[in-house]
Amino acid sequence: MTAAAPAPRPGSVALITGGTGGFGRALAAKLGERAVTVVLADLDSERNRQVAADLGAEFEVLDVTDRAANVALVERIEARHGRLDAAYLNAGISAAKSDDELDLDEFLRVVDVDLFGVVYGAVAARPAIKRAGGGAIVVTASLAGLSPMATDPGYSVAKGGAIAFVRSMAPRLAREGTTITAICPGFADTAIIDRIRDQFTQAGFPVLSAEEVADAMVAAWTSGEPGAAYVVQPGVGTVPYRFKGVPSAKTAGGETAVVPEALRPPSMR
């Protein structure tokens, strides 16, 4: 990560979708320690409201698959606080089962939340962050987006798509002073692994703590590289994933063709 100016700063405002889950709670606590105003957005329940109250954060009801609701939420945040400096697009689900039959309804539901929830959130937050003078959009992806999981095609497609979205949006957002990055944790100690948690325990396989992932999420705001995908693994820490370039086209003369700069992904610049 780059050695950018210290951020987040006291008085900054951050939105966290899926904010009452494991990563959201850990992140909210760390941002709160930095005097950041935190807005946790999640589905409406007494439990979720209580989590926000316990953290001293604001709570907003949000279905991330609702385009208009994403826009309306950002408008409320701006009206209340006069700014939005960072959006953590963290809401995510996985398939409930992993048999050989592909449940298309469940597949589409996972993609709707994990991919289109990111797209809608980024589109809604972009103009507000620009008006604040620039900031950060941080997407919670997964190692499954870099190395697909046979047990959950929908999750793998959604997370891979989210990483591609981050990389493709990075140049235009960077021109506005906004850095968009993806965080790609390995298996972590959150509710999403509950149905297979005993397998990790029996195998002695290390899982990340929510706090380790939250540290990477804070660092992405502080010093993230536009379009970067940061892998977070136990015993490894947070490292940028190095994307392998595809073979280049050749000219009629057999020379390597140069991709126009405007079409190059961030990793080629």
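Because the structure is predicted, anything quoted here is derived from the model rather than measured.

Peer 1: What's the story with the overall build of the protein in this structure? I'm lost.
Peer 2: Scanning the protein from N- to C-terminus turns up seven helices and eight strands. Scored against the burial criterion, the 269 residues of the protein give a buried share of 46%. Taking all contacts inside the protein whose residues are at least 6 apart in sequence as the whole, residues at least 24 apart take part in 64%. In the form shown here, the protein has an accessible surface area of approximately 13300 Å², with 54% of it arising from carbon and sulfur atoms.

Peer 1: What am I meant to see in the sheet that holds strand β6 (residues 178-185) here?
Peer 2: Strand order in this open sheet of eight strands is β3-β2-β1-β4-β5-β6-β7-β8, and the pairing throughout is mixed. Only two strands of the sheet have a single partner each, and these edge strands are β3 (58-61) and β8 (237-240). Within this sheet the neighbouring strands show an average axis-to-axis angle of 20°, counted without direction. By the bridge criterion, three bridges tie strand β1 (residues 13-17) to strand β4 (residues 86-89) in an arrangement that is parallel. The residue bridging Leu15 from the neighbouring strand is Ala87, located in β4. On the sheet, helix α2 (residues 46-55) packs against β2 (37-42) and β3 and is oriented at approximately 155° with respect to β3. Across the sheet, helix α7 (residues 210-223) touches β1, β4, β5 (135-140), β6, β7 (229-233) and β8, and the angle it forms with β6 is around 160°.

Peer 1: Looking at this structure, how should I read helix α3 (residues 67-81)?
Peer 2: Residues separated by three or four positions in an α-helix point in the same direction, a consequence of the helix having 3.6 residues per turn. The end-to-end C-alpha distance of α3 is 22 Å, a good match for the 21 Å that 15 residues give at a rise of 1.5 Å each. Taken residue by residue, α3 has Asn70, Leu73, Val74, Ile77 and Glu78 as its buried positions. For α3, the angular spread of the buried residues around the axis is 135°, confining them to a single face. α3 presents Ala68, Glu75 and Ala79 as exposed residues on the side facing more than 90 degrees away from its buried surface. In this fold, the buried residues of α3 make contact with β1, β2, β3 and α4 (104-131). Of the residues that open α3, the one with a side-chain oxygen 3.1 Å from the backbone nitrogen of Ala68 is Asp66. Following α3 by one or two positions, Gly82 has its phi on the positive side, about 80°.

Peer 1: Help me understand the packing of aromatic side chains in this model?
Peer 2: How two aromatic rings sit relative to each other is given by the distance of their centres and the angle of their planes. All chains considered together, the criterion is met by three aromatic pairs. With centroids separated by 6.1 Å and ring planes inclined at 35°, the aromatic side chains of Phe116 and Tyr120 adopt a geometry described as tilted. Taken together, the positions of Phe116 and Tyr120, both in helix α4 and four residues apart, correspond to about one turn of that helix. Under the relative-accessibility criterion, Phe116 is labelled partly exposed at 36%. The interplanar angle of 75° and the centroid separation of 4.9 Å between the aromatic rings of Tyr241 and Phe243 together place this pair among those described as edge-to-face. For Tyr241, a relative accessible area of 36% gives the class partly exposed. One Lys or Arg, Arg167, reaches over the ring of Phe243 and ends 3.7 Å from the middle of that ring.

Basis of the calculations
Residue indices follow the written sequence of each chain, beginning from 1 at its first position. The predicted origin of the model limits local features to residues at a pLDDT of at least 70 and limits the giving and counting of side-chain atom pairs to 80 or more, whereas totals for whole chains, interfaces and linings rest on all residues. Processing note: side-chain calculations cover all non-hydrogen atoms of the structure and skip hydrogens and water entirely. Comment: elements are numbered from the N terminus, with helices defined as DSSP H or I runs of at least four residues and strands as E runs of at least two. Burial classes follow relative accessibility: with a 1.4 Å probe on protein chains only, a residue under 20% of its type's maximum area counts as buried, one over 50% as exposed, and anything between as partly exposed. A contact between two residues is defined here by any heavy atoms of the two lying within 4.5 Å. We get accessible surface area from the Shrake-Rupley algorithm with a probe of 1.4 Å; when it comes to residues, only the shown protein chains can shield them. We call two strands paired when DSSP finds no fewer than two bridges between them. Here an axis means a line fitted to C-alpha atoms, over the contact stretch when the element is a helix, while the angle between two N-to-C directions is reported on a 0 to 180 degree scale. One less than the residue count of a helix, multiplied by 1.5 Å, gives the span that helix is expected to have. As used here, the arc belongs to the directions running from the helix axis to the C-beta atoms. Whenever a nitrogen or oxygen atom comes within 3.5 Å of another N or O atom, the pair is scored as a polar contact, on the condition that within protein one atom can donate a hydrogen and the other can accept it, and that pairs from neighbouring residues in sequence are kept only if both atoms are in side chains. Two aromatic rings, drawn from Phe, Tyr or Trp (for Trp, its six-membered ring), form a pair once their centres lie within 6.5 Å of each other, and the interplanar angle then sorts them: stacked below 30 degrees, edge-to-face above 60, tilted otherwise. Sitting over a ring, as applied to charges here, requires NZ of Lys or CZ of Arg to be within 6 Å of the ring centre and within 35 degrees of the ring normal.

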